[in-house]
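So the chains spell out like this:
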Amino acid sequence: MNHTAIKSILTGDGTEHSQTVCGWIRTKRESKNVIFIELNDGTSLNTLQIVIDKDAQIISDEMNHRLLTGASVKAVGLVKPCQGASQSVELQAQSIDIIGEAPTDYPLQKKRHTFEFLREIPHLRIRTNTFGAVARVRNTLAQSIHDFFQQRGFLWIHTPIITGNDAEGAGSMFQVTTLNMDAPPRSGSGQIDYNQDFFGKKSLLTVSGQLQVENFACGMGHVYTFGPTFRAENSNTARHLSEYWMVEPEMAFCNLDGNRELAELFIKHLLSTVLNTCQEDMDFFDKWISNGLIDSLQKVLSSPFVHLPYTDAISELEKSGEDFEYKPVWGSDLQAEHERFLTEKVVKGPVAVTDYPKDIKAFYMKQNDDNKTVRAMDILVPRLGEIIGGSQREDNFDKLKARMQEMNMDMDEYQWYLDLRRYGTIPHSGFGLGFDRLVQYVTGMQNIRDVIPFPRTPKSMIL
Ligand code: 4AD
Ligand code: MG
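Residues numbered from 1 in each chain as written. Chains lettered and ligands numbered in written order. Predicted model: local features only at pLDDT ≥ 70, side-chain atom pairs only at ≥ 80, totals over all residues. Heavy atoms only, no water.

When you go through the protein chain residue by residue, the secondary structure sums to 14 helices and 18 strands. With respect to the principal axes defined by its C-alpha atoms, the protein chain has extents near 85 × 60 × 45 Å. Residue burial in the protein chain is summarised as follows: out of 463 residues, 52% are buried. Restricting to contacts in the protein chain with at least 6 residues of sequence separation, those with at least 24 account for 66%. Accessible surface, the protein chain: about 22200 Å² in total, of which carbon and sulfur atoms supply 50%. Put simply, the protein chain has 48 plus and 60 minus side-chain charges, and the middle of one group is 2 Å from the middle of the other. (Helix = DSSP H or I, 4+ residues; strand = E, 2+ residues; numbered from the N terminus. Buried < 20%, exposed > 50% of the residue type's maximum accessible area, 1.4 Å probe, protein only. Contact = heavy atoms within 4.5 Å. Areas by Shrake-Rupley, 256 points an atom, 1.4 Å probe, with all protein chains shown as cover. Lys, Arg positive; Asp, Glu negative; His and termini not counted. Charge placed at Lys NZ, Arg CZ, Asp CG, Glu CD.)

The structure is reproduced here in structure tokens:
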């Protein structure tokens, strides 16, 4: 259907001309002589007002009754400067066609629905202001991630979704199988016989593309992977998904300082792109979702990220006198409440916490000389806590092998990973940015389930 995007009509110069638009009716109101329809087509947060002059008799009474909220219509008419204050132009209808009717049980009536209710109807929530704005900001961020890396010569590497290894060593992975789960084949000892499974071995959904993308960094230099990752942790929080998207750059000949610098440049690039290109949507979030959002993001842009080694972070927490649910002690992982305290109260902005105890971090992180800590880096932001997790990688063959043995890893599975340290090893570093957490941070949305089109969380998978 040949039609014009409502966004381009609303941002046009306002001179009178004929246009065709297609979209869904948000609301309709009526006076004695005129019918006003607010039409949205997803290209803009704003609706286009369609004005139907009853005297012109372009629609019958019967048709008027069918012009209901949710119906899809095509309207042809003249774009004219708008009399009312809220918008610059409106469309004076010359003809209206109903493309698809919406009966009165259409779930999105003109009132505010709760996000919990909308989560139950992911196929329709996209027609609301909030979810439309989230989708547009999400798209801009994804594009801007590629721009950032492509401008710097990073190659986008497509790492596999199905894998045989547990990159994070956390053990909470989904399994992929074609075996008959009612009666899986068993070996003599009663174990499931994975030789008979599709790949001839136990297969899982990836928790991270890092280990594979490291292969490319150790040959191509600067690379990144950006794709879906899967975590079968039973975490029912506002910042965990079971399927989420992650961006993972990996840089050859780069240490932890370089990694931190890139992460800061990266986040700032993403924030400034969104603030510059999604103004309408960002104003909406600022007004309706999180007051002061734009100011807080602008402040992040104009100040350097603070660097705080883990040991200092623990001291800050200990001396805070704050009544935490989990007592901060050296050696244990930072809880969400600790992360938020550090970034919101201590630093009042993003903070890069580095050099965590080795026992709470993955096997691949470079060991420090103190034998207790590793070159890890988490970036924490206000309202959310951890948004980035990364590290310099262990590049010393003997140290890495010893650490893997200490952690009882299956050495046969990781020979290729050790090979990268056996042949032409290099210092290299990288990090993972949780893409959905980024969208959450930028939009101010409270729950991560409302920034991904179709959230997957424990005991919940709609559509
Ligand atoms: O800290 P994580 O587990 O690090 C890695 O996976 C590394 N392999 C990254 C790397 O060095 N290449 O995860 C990275 C980020 C977290 O900081 C968080 O933003 C996000 O991924 N994340 C999640 N987002 C949504 N739901 C979950 N369940 C998440 N788990 C991690
Ligand atoms: Mg982490």
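With that settled, the discussion passes to the packing of helix H10 (residues 310-319) against helix H11 (residues 336-346). Between H10 and H11, whose axes approach to 11 Å, the crossing angle comes to 85°. As the angle between them shows, H10 and H11 are arranged roughly perpendicular. In this structure, H10 contributes Ala313, Glu316 and Leu317 to the contact, and H11 contributes His338, Phe341, Leu342 and Val346. Counted by class, the contact of H10 with H11 contains five nonpolar, one polar and one charged residues. (Axes fitted to C-alpha atoms, helices over the stretch in contact; angles between N-to-C directions. Parallel < 35°, antiparallel > 145°, perpendicular 65-115°, else oblique. Nonpolar A, V, L, I, M, F, W, Y, C, P; charged D, E, K, R; others polar.)

Before going further, it helps to examine the packing of helix H8 (residues 279-289) against helix H9 (residues 293-302). At a minimum axis distance of 8 Å, the contact between H8 and H9 shows a crossing angle of 115°. Of H9, the residues touching H8 (which contributes Met282, Asp283, Phe285 and Asp286) are Leu293, Ile294, Asp295 and Leu297. Residues of the contact of H8 with H9, tallied by class, amount to five nonpolar, no polar and three charged.

With burial as the criterion, each face of strand E13 (residues 351-354) is covered, one bearing Val351 and Val353 and the other bearing Ala352 and Thr354. Sheet analysis places strand E12 (residues 306-309) next to E13, joined by four bridges and oriented parallel. When the bridges of E13 are listed, Pro309 appears paired with Thr354. As judged from the four bridges shared by E13 and strand E14 (residues 376-381), these two strands associate in the antiparallel manner. (Pairing = 2+ DSSP bridges.)

Moving on to the site of ligand 1. The local shell around ligand 1 holds 24 residues, among which Glu168, Gln210, Arg231, Glu248 and Glu386 are the closest. A distance of 2.6 Å separates a nitrogen atom of ligand 1 from a polar atom in the side chain of Glu168. Here an oxygen atom of ligand 1 sits 3.5 Å away from a polar atom, N or O, in the main chain of Ile388. For the shell around ligand 1, the secondary-structure elements that each account for two or more residues are strand E11 (243-252), strand E15 (385-392) and strand E16 (428-434). Ranked by residue count, the leading element in the shell around ligand 1 is E15, at five residues. Residue composition of the shell around ligand 1, by class: eight nonpolar, eight polar and eight charged. (Near = heavy atom within 4 Å. Polar contact = N/O pair within 3.5 Å; in protein donor to acceptor, adjacent residues only side chain to side chain.)

Here we take up the pattern of salt bridges. In this structure the tally under the stated criterion is 22 salt bridges. A salt bridge links Arg421 to Glu214, with the nearest nitrogen and oxygen atoms 2.9 Å apart. Separated by 207 residues along the polypeptide, Arg421 in helix H13 (residues 415-422) and Glu214 in helix H6 (residues 210-220) bring together distant segments of the chain. The same class applies to Arg421 as to Glu214, namely buried. Between Glu406 and Arg403 there is a salt bridge whose closest N-O contact spans 2.3 Å. Linking Glu406 with Arg403, this pair stays in helix H12 (residues 397-406), spanning three residues, or about one helical turn. (Salt bridge = Lys/Arg side-chain N within 4 Å of Asp/Glu carboxyl O.)

Another point: the sheet that holds strand E7 (residues 162-163). With antiparallel pairing, the three strands of this open sheet are ordered in space as E7-E9-E8. For this open sheet the edge positions go to E7 and strand E8 (175-176), each flanked by a neighbour on one side alone. Judged from the two bridges that link them, E7 and strand E9 (residues 203-205) form a sheet pairing that is antiparallel. Its bridge partner being in E9, Thr163 is matched across the sheet by Leu204.

Let us look at the state of the cysteines. Applying the stated rule across the entire model yields zero disulfides. Note on Cys254: no disulfide assigned, nearest cysteine sulfur contributed by Cys218 at a separation of 12 Å. What makes Cys254 buried here is its relative accessible area of 9%. (Disulfide = S-S within 2.5 Å.)

Fair warning: the whole summary comes from geometry, so function is off the table for now.
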